[in-house]
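Commentary on secondary and tertiary structure
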Amino acid sequence: MGTLLKCYRPFFSLHLGTHRFTNPKRRIRCLSATTTSTNSFAAKSEIPASSELWLHNTMSRKKELFKPKVEGRVGMYVCGVTAYDLSHIGHARVYVTFDVLYRYLRHLGYEVTYVRNFTDVDDKIIARANELGEDPISLSRRYCEEFNRDMKSLHCLPPSVEPRVSDHMPQIIDMIKQIIENGHAYQVDGDVYFSVDKFPDYGRLSGRKLEDNRAGERVTVDSRKNNPADFALWKSAKEGEPFWDSPWGPGRPGWHIECSAMSAAYLSYSFDIHGGGMDLVFPHHENEIAQSCAACKQSDISYWIHNGFVTIDSEKMSKSLGNFFTIRQVIDAYHPLALRLFLLGSHYLSPINYSDVQLESTSERIFYIFQTLYDCESVVSQHDVSTLKDTIPPEILESINKFNDVFVTSMSDDLHSSVVFGALSDLLKTMNDLLHTRKGKKQALRIESLAALEKITRNVLSILGLMPASYAEILQQLKEKALKRAKLTEDQVLQKVKERNSARKNKEYEKSDTIRKDLAAVGINLMDNPDGTTWRPAVPLAIQQQLQVASS
């Protein structure tokens with residue numbers, strides 16, 4: 001064999017954010033469904049009986065009432081990115097979806113151990129590193145950092161731990177040894193393959209039959225395999241690739257074994273939720289189940305949860321198809337919270353079709369939400385809180401209770417966040433009536449009502465990960481993004497406002513209308529009021545017409 005690239009030594013301690021975890025050097029114990037490991041969790045206080053949550057389980061193909069294995073605590077593992085390039089908005093949908101689940105579980109009072117891995121040893125990483133003349137682990141580390149930057153922009157909370165494959169070789173090798181000892185894998189020339197024929201339940205998650213797994217489609221063609229559908233647990237080292245020592249010779253793990261080993265290391269073989277994109281159902285999660293059960297008969301994950309695809313012209317977005325937009329590309333033009341709102345605007349199971357038309361519409365919507373809350377906050381702040389009464393009119397209380405009921409009912413019914421945003425429209429209209437209409441301004445307990453309405457809206461947006469640092473800040477940021485898309489500066493817009501004011505003063509109404517229409521065409525809406533003319537972002541006229549055609 002030729003000269004190999006590098007033999008990496010595993011790290012036994014990793015520091016991630018505010019959490020510090022030590023990789024267990026011992027053999028991963030095979031635990032029953034009612035037992036927890038030292039890396040897992042112990043019982044806590046009871047969750048209120050009314051805090052029900054129904055989740056769609058891919059395994060049963062139906063919604064099921066969520067019941068954690070350990071009362072008051074939840075273990076959740078979500079498959080992370082293969083870090084060799086910037087992540088696209090298909091990835092954004094996965095991690096925004098599970099961020100909302102993470103947040104909502106915490107809102108219900110659960111203590112959640114959320115594990116999301118990085119794949120930093122993989123064929124794609126090696127190929128990209130060879131193209132760039134870079135060390136594969138260094139390249140992957142760089143893109144892990146870029147991914148975390150994107151997640152922070154999208155308001156995704158950091159997981160409890162983010163394990164990496166390169167730090168967990170002892171656990172991976174240990175699990176492969178267990179699978180071989182249990183008679184479910186075999187060695188061929190330094191490679192180790194899982195024998196699907198030895199696992200009768202193979203295909204249970206995806207519903208695929210074993211004969212559907214034709215070699216060359218989703219499994220590697222290799223005449224040395226006992227069955228063409230057998231998949232690699234360990235790959236022998238090849239020239240120019242990173243490798244680690246193992247009982248079968250130098251090499252590196254196959255793709256699927258990493259998540260089985262790392263989930264067991266941090267959550268035991270038995271935990272509550274395993275998630276990822278729909279594309280992972282087969283082969284990745286199907287193979288995970290086979291591996292984990294082969295290593296430990298008591299392996300048991302209660303809920304398998306998968307989100308739908310992001311599509312472009314009804315075709316799945318992916319790097320391999322080349323029809324993708326990176327998160328970085330999208331948030332360069334649109335505010336990250338506009339992207340988050342767009343992703344949450346459809347139920348997570350449904351496919352969602354990405355387009356600039358949709359992002360423009362969502363950007364206008366989120367500006368309206370925060371402009372309303374900013375106006376509300378501004379009016380309330382003019383009054384001494386200590387002088388406000390602790391009551392509100394019955395009709396306002398009814399509106400708040402109705403919205404709260406919709407929120408709880410919708411989110412508890414498999415995270416239907418889109419229904420929540422529909423109900424939010426009524427609350428925002430009530431706020432704007434109190435803020436701007438003659439009747440609203442005269443309403444009794446107006447300030448108390450505005451304060452209560454702003455509070456419930458803020459609380460719900462916080463749970464959904466949509467609260468900015470301040471209303472004023474996000475409004476300014478949304479304006480800056482709109483100016484960038486319009487290819488204008490604010491000074492240029494204000495100059496146009498001056499020209500229009502002058503035209504109106506001189507009764508040059510055609511010129512005045514032309515200025516307004518020209519700005520509206522690029523997404524800048526002028527608003528006249530007693531204090532003068534202001535501007536706000538809007539959907540460009542051409543896109544408005546597309547939306548009207550689509551809705552007709």
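Read on for an overview of the structure.

Basis of the calculations
Residues numbered from 1 in each chain as written. Predicted model: local features only at pLDDT ≥ 70, side-chain atom pairs only at ≥ 80, totals over all residues. Heavy atoms only, no water. Phe/Tyr/Trp six-rings, centres within 6.5 Å; stacked < 30°, edge-to-face > 60°. Helix = DSSP H or I, 4+ residues; strand = E, 2+ residues; numbered from the N terminus. Buried < 20%, exposed > 50% of the residue type's maximum accessible area, 1.4 Å probe, protein only. Contact = heavy atoms within 4.5 Å. Expected span 1.5 Å × (residues − 1). Pairing = 2+ DSSP bridges. Axes fitted to C-alpha atoms, helices over the stretch in contact; angles between N-to-C directions. Salt bridge = Lys/Arg side-chain N within 4 Å of Asp/Glu carboxyl O. Core = buried A, V, L, I, M, F, W, Y, C linked by side-chain atoms within 4.5 Å. Right-handed = clockwise from strand over helix to strand, strands pointing away. Parallel < 35°, antiparallel > 145°, perpendicular 65-115°, else oblique. Left-handed = near helix turned anticlockwise from the far one by under 90°. Nonpolar A, V, L, I, M, F, W, Y, C, P; charged D, E, K, R; others polar.

**What about the packing of aromatic side chains?**
Under the criterion given, the structure shown has 14 aromatic pairs. Pairing Phe118 with Phe147 gives two aromatic rings, centres 5.5 Å apart and planes at 85°, and the pair type is edge-to-face. Separated by 29 residues along the polypeptide, Phe118 in the loop between strand S7 (111–116) and helix H2 (123–132) and Phe147 in helix H3 (residues 136–153) bring together distant segments of the chain. Between Trp234 and Trp248, the ring centres sit 5.8 Å apart and the planes meet at 55°, which makes this aromatic pair tilted. With Trp234 in strand S10 (residues 231–236) and Trp248 in the loop between strand S11 (242–243) and strand S12 (251–253), this residue pair connects regions lying 14 residues apart in the sequence.

**Concerning the side chain of Thr372**
Mapped onto the elements, Thr372 comes out in helix H9 (residues 356–381). The class of Thr372 is buried, set by a relative accessible area of 2%. Sequence-distant contacts of Thr372, defined by excluding residues within four places in its chain, comprise Leu428, Met431, Asn432 and Leu435.

**Let's talk about helix H13 (residues 446–463)**
Side chains three or four residues apart in an α-helix point the same way, a direct result of the helix having 3.6 residues per turn. With 18 residues, H13 ought to run about 26 Å at 1.5 Å a step, and its terminal C-alpha atoms sit 26 Å apart, in line with that. For H13, the full list of buried residues reads Arg446, Ile447, Glu448, Ser449, Leu450, Leu453, Glu454, Ile456, Thr457, Val460, Leu461 and Ile463. Count one or two residues on from H13 and you reach Gly465, which has phi positive near 75°.

**Looking at the pairing of S10**
Within a regular beta strand, the side chains point alternately toward one face of the sheet and then the other, so they alternate between its two faces. For S10, the buried fraction is high: five of the six residues fall into the buried class. As paired strands, strand S9 (residues 191–194) and S10 are joined by three bridges and run antiparallel to one another. By the bridge assignment, Phe194 is partnered in S10 with Phe231. Examined bridge by bridge, S10 and S12 share three bridges and lie antiparallel to one another. The residue bridging Ser236 from the neighbouring strand is Gly251, located in S12.

**Quick word on the sheet that holds S7**
Ordered by their spatial adjacency, four strands build an open sheet running S7-S6-S13-S14, and the pairing between neighbours is parallel. Each edge of the open sheet carries a strand with a single partner, namely S7 and strand S14 (300–307). Across the sheet, the mean angle separating the axes of adjacent strands is 25° when strand polarity is ignored. Note that strand S13 (residues 270–277) and S14 share seven bridges and pair parallel. Looking across to S14, one finds that Ser270 is bridged to Asp300.

**Let's talk about the pattern of salt bridges**
Summed over all chains, the structure comprises 23 salt bridges. Across the pair Asp123 and Arg252 runs a salt bridge whose closest N-O atoms are separated by 2.4 Å. Taken together, the residues span a long stretch of sequence, with Asp123 in helix H2 and Arg252 in strand S12 at a distance of 129 residues. On the basis of relative accessible area, Arg252 is assigned to the buried category, the value being 4%. Lys429 serves as the salt-bridge partner of Asp433, at 3.1 Å between the closest nitrogen and oxygen. In this pair, Asp433 and Lys429 are both assigned in helix H11 (residues 417–436), four residues apart and thus about one turn of the helix distant. On the basis of relative accessible area, Asp433 is assigned to the partly exposed category, the value being 30%. Among the ionic contacts, a cluster of salt bridges with common partners joins Asp123, Lys235, Glu241 and Arg252.

**Side note on the nonpolar core**
Grouped together as the largest cluster of nonpolar side chains are 92 residues, with contacts concentrated most on Leu101 and Ile273. Tallying contributions element by element places helix H1 (residues 89–107) first for this core, with 11 residues. When near neighbours in sequence (up to four residues on either side) are disregarded, Ile273 contacts Leu55, Phe66, Val74, Gly75, Met76, Tyr77, Leu101, Leu105, Ile301, Tyr303 and Ile305. The next biggest cluster of nonpolar side chains, apart from the first, holds 48 residues, and it includes Cys79, Ile176, Tyr266 and Ala295.

**What to know about the pairing of strand S6 (residues 73–78)**
Of all the six residues making up S6, six are buried; the element is thus mostly covered by neighbouring parts of the structure. Side chains of S6 alternate between two faces, with Arg73, Gly75 and Tyr77 and Val74, Met76 and Val78 buried alike. As judged from the six bridges shared by S6 and S7, these two strands associate in the parallel manner. Within the sheet, the bridge partner assigned to Arg73 lies in S7 and is Glu111. On the question of chirality, the crossover connecting S6 to the parallel S7 by way of H1 is right-handed. In the sheet, S6 pairs with S13 via three bridges, with the strands oriented parallel. Opposite Tyr77, over in S13, you have His274 as the bridge partner.

**Things to note about the packing of helix H10 (residues 394–412) against H11**
For the pair H10 and H11, the least separation of the axes is 8 Å and the interaxial angle reads 165°. Overall, the two elements H10 and H11 adopt an arrangement that is roughly antiparallel. Two packed elements cross with a definite hand, and for H10 against H11 that hand is left-handed. Within the contact between the two elements, H10 uses Ile396, Ser399, Ile400, Phe403, Val406, Phe407, Ser410 and Met411 and H11 uses Ser417, Val419, Val420, Ala423, Leu424, Leu427, Thr430 and Leu434. Its residues assigned to classes, the contact of H10 with H11 shows 12 nonpolar, four polar and no charged.

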